[in-house]
Amino acid sequence: MADQRVLITGSAGVVGTLMRPRLRREGRVLRLLDLAPQPAAEPGEAVEVRTGSVTDAEAMASACEGVDAVIHLGGHSRENSWEATLDVNIDGTHTVLEAARAAGVSRVILASSNHSVGFRRTDEGGATGLPADSPPRPDTYYGVSKAAIEALGSLYHSRFGMDVIVIRIGSCFETPLPLGPRGLTTWLSPDDGARLFEACLAAPSPGYRLIWGVSDNTRRIYSLTEAEALGYKSLDNAETYAEQLADRPAPTGIAAEYVGGPFCTAPLGEFNPL
Ligand code: 15L
């Protein structure tokens, strides 16, 4: 049987770098596309390293050739100017979906964010957490771009029958520590992230799905029901880091009241290192 070939866009970014070693599998080739430099393949590592932008239709057409699934992580991962957000996140995702469609790729996994619903209240979901298909309430231009790609994914499923799974990622870092106490709520551990992508790659005929990307954190405010229906099982919990964060100030005011935390009050359209 031919190897499964999975294209990862934005593979040199934070999430892409964490996923590269974790999504290696016997019988799978990872095609890694990014504008930024990436380490070459290690001996025996089944990866194809490509340099290119998600906004470049030709590069995307070539990157999608012979691919079984796309994990689209590429784009700005923070607030930025409207022009840059529109170009890279929205137009870029359209370019990725269009290239995937033209190449006959049947499954695309899109990285959305909690910021597409950043202005939903943190207590809105009650005990089970905010449903994964809650309508958008973006907190930034960045959040608007994520709401737009959720809609683009829905369109490409409805028009072309592609399986499109959109993950509203909380915060995926090695540990929740850099995020402070909010990370105890939003953290998606890298290992859980890999488990989630594996579930998205393996689920039989998922159609269009919107799911949360989060670990089963004690302080979780997002629902896991929808991701679990796809076969995801979280094995991590940010609470194991709680003691290390005990002396860091907890969010207050708007940052505590809304899902997007500090993004809700950061200046619109300005690069934001949060
Ligand atoms: C995001 O969408 C960002 O990509 C990530 O860098 C984190 O800042 C995360 O949101 C968050 O909400 O913490």
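The structure this text deals with has already been given above.
Conventions we followed
- Residues numbered from 1 in each chain as written.
- Predicted model: local features only at pLDDT ≥ 70, side-chain atom pairs only at ≥ 80, totals over all residues.
- Heavy atoms only, no water.
- Helix = DSSP H or I, 4+ residues; strand = E, 2+ residues; numbered from the N terminus.
- Contact = heavy atoms within 4.5 Å.
- Core = buried A, V, L, I, M, F, W, Y, C linked by side-chain atoms within 4.5 Å.
- Buried < 20%, exposed > 50% of the residue type's maximum accessible area, 1.4 Å probe, protein only.
- Axes fitted to C-alpha atoms, helices over the stretch in contact; angles between N-to-C directions.
- Parallel < 35°, antiparallel > 145°, perpendicular 65-115°, else oblique.
- Left-handed = near helix turned anticlockwise from the far one by under 90°.
- Pairing = 2+ DSSP bridges.
- Phe/Tyr/Trp six-rings, centres within 6.5 Å; stacked < 30°, edge-to-face > 60°.
- Lys NZ or Arg CZ within 6 Å of the ring centre and 35° of its normal.
- Near = heavy atom within 4 Å.
- Polar contact = N/O pair within 3.5 Å; in protein donor to acceptor, adjacent residues only side chain to side chain.
- Areas by Shrake-Rupley, 256 points an atom, 1.4 Å probe, with all protein chains shown as cover.
- Nonpolar A, V, L, I, M, F, W, Y, C, P; charged D, E, K, R; others polar.
- Expected span 1.5 Å × (residues − 1).

(A) Inspection of the environment of Tyr241 at higher detail. Relative to the assigned elements, Tyr241 resides in the loop between α7 (225–229) and α8 (254–257). Expressed as a C-alpha distance, the spacing of Tyr241 and Pro176, which sit 65 residues apart in the sequence, is 7.3 Å. The contact partners of Tyr241, leaving out residues within four places of it in the chain, are Glu174, Thr175, Pro176, Leu177, Leu184 and Trp187.

(B) Expanded view of the nonpolar core. Of all hydrophobic cores here, the largest spans 39 residues; its most connected members are Ile8, Met19, Leu23, Ile71, Ile167, Phe197 and Ile211. Counting only elements with at least two residues in this core, the list comes to β1 (4–9), α1 (14–19), β2 (28–34), β4 (69–72), β5 (107–113), β6 (163–169), α6 (190–202) and β7 (208–213). Residue contributions to this core peak at six residues, all from α6. The residues contacting Ile167, other than those within four sequence positions of it, are Ile109, Leu110, Ala111, Ser112, Ser113, Leu196, Phe197, Cys200, Ile211, Trp212 and Gly213. In this structure, Leu33, Ala63, Val70 and Leu110 belong to the second largest nonpolar core, which totals 23 residues.

(C) Looking closely at the packing of helix α2 (residues 57–64) against helix α3 (residues 82–102). Put simply, α2 and α3 touch, their axes get as near as 9 Å, and they point 45° apart. With respect to their mutual orientation, α2 and α3 come out oblique. Considering how the two elements wind past one another, α2 and α3 form a crossing that is right-handed. Where α2 abuts α3, its residues Ala57, Met60, Ala61 and Cys64 lie against Thr95, Val96, Ala99 and Ala100.

(D) Inspection of the sheet that holds β5 at higher detail. Read from one edge of the open sheet, seven strands run β3-β2-β1-β4-β5-β6-β7, paired in parallel fashion. The sheet is open, and its two borders are formed by β3 (47–51) and β7, each paired with just one other strand. Across the sheet, the axes of successive neighbouring strands diverge by a mean angle of 20°, strand direction being ignored. Note: β2 against β3, five bridges, orientation parallel. If you follow Arg31 over to β3, its bridge partner there is Glu48. Against the sheet, α2 touches β1, β2, β3 and β4, its axis set at about 170° to β2.

(E) Looking closely at the packing of aromatic side chains. As enumerated under the stated definition, the model contains six aromatic pairs in all. Between the aromatic rings of Tyr142 and Phe263, the centroid separation amounts to 6.3 Å while the plane-to-plane angle is 40°, which identifies the pairing as tilted. Taken together, the positions of Tyr142 in helix α4 (residues 141–160) and Phe263 in the segment after α8 put the pair 121 residues apart, joining distant regions of the chain. Judged by its relative accessible area of 6%, Tyr142 is buried. A relative accessible area of 6% places Phe263 in the buried class. Considering the side-chain rings of Trp187 and Tyr241, the 5.4 Å spacing of their centres and the 75° angle between planes classify their relative orientation as edge-to-face. Taken together, the residues Trp187 in the loop between α5 (183–186) and α6 and Tyr241 in the loop between α7 and α8 connect sequence positions 54 residues apart. When the ring centre of Phe160 is taken as origin, the NZ or CZ atom of Arg101, which lies over that ring, is 5.2 Å away. Seen from the ring of Tyr258, Arg121 lies directly overhead, with NZ or CZ sitting 5.5 Å from the centre.

(F) Region of interest: the site of the ligand. As a matter of local geometry, the ligand sits amid 13 residues, with Ser77, Ser113, His115, Tyr142 and Ser171 nearest to it. Between the ligand and the protein, one listed contact pairs an oxygen atom with a side-chain N or O atom of Ser113 at 2.7 Å. His115 places a polar side-chain atom, nitrogen or oxygen, 2.7 Å from an oxygen atom of the ligand. The fraction of the free accessible surface of the ligand (320 Å²) that becomes covered by protein chains is 91%. Residues belonging to the shell around the ligand are distributed by class as follows: five nonpolar, six polar and two charged.

(G) Main features of unusual backbone geometry. Backbone geometry places Ser205, a non-glycine residue, at a positive phi of 40°. In this structure, Ser205 sits in the loop between α6 and β7.

(H) Inspection of α4 at higher detail. Given a rise of 1.5 Å per residue, 20 residues ought to cover 28 Å, and the 28 Å separating the end C-alpha atoms of α4 matches this to within 8%. Where α4 is buried, its residues meet α3, β5, β6 and β7. Just beyond α4, the residue with positive phi is Gly161, at close to 70°.

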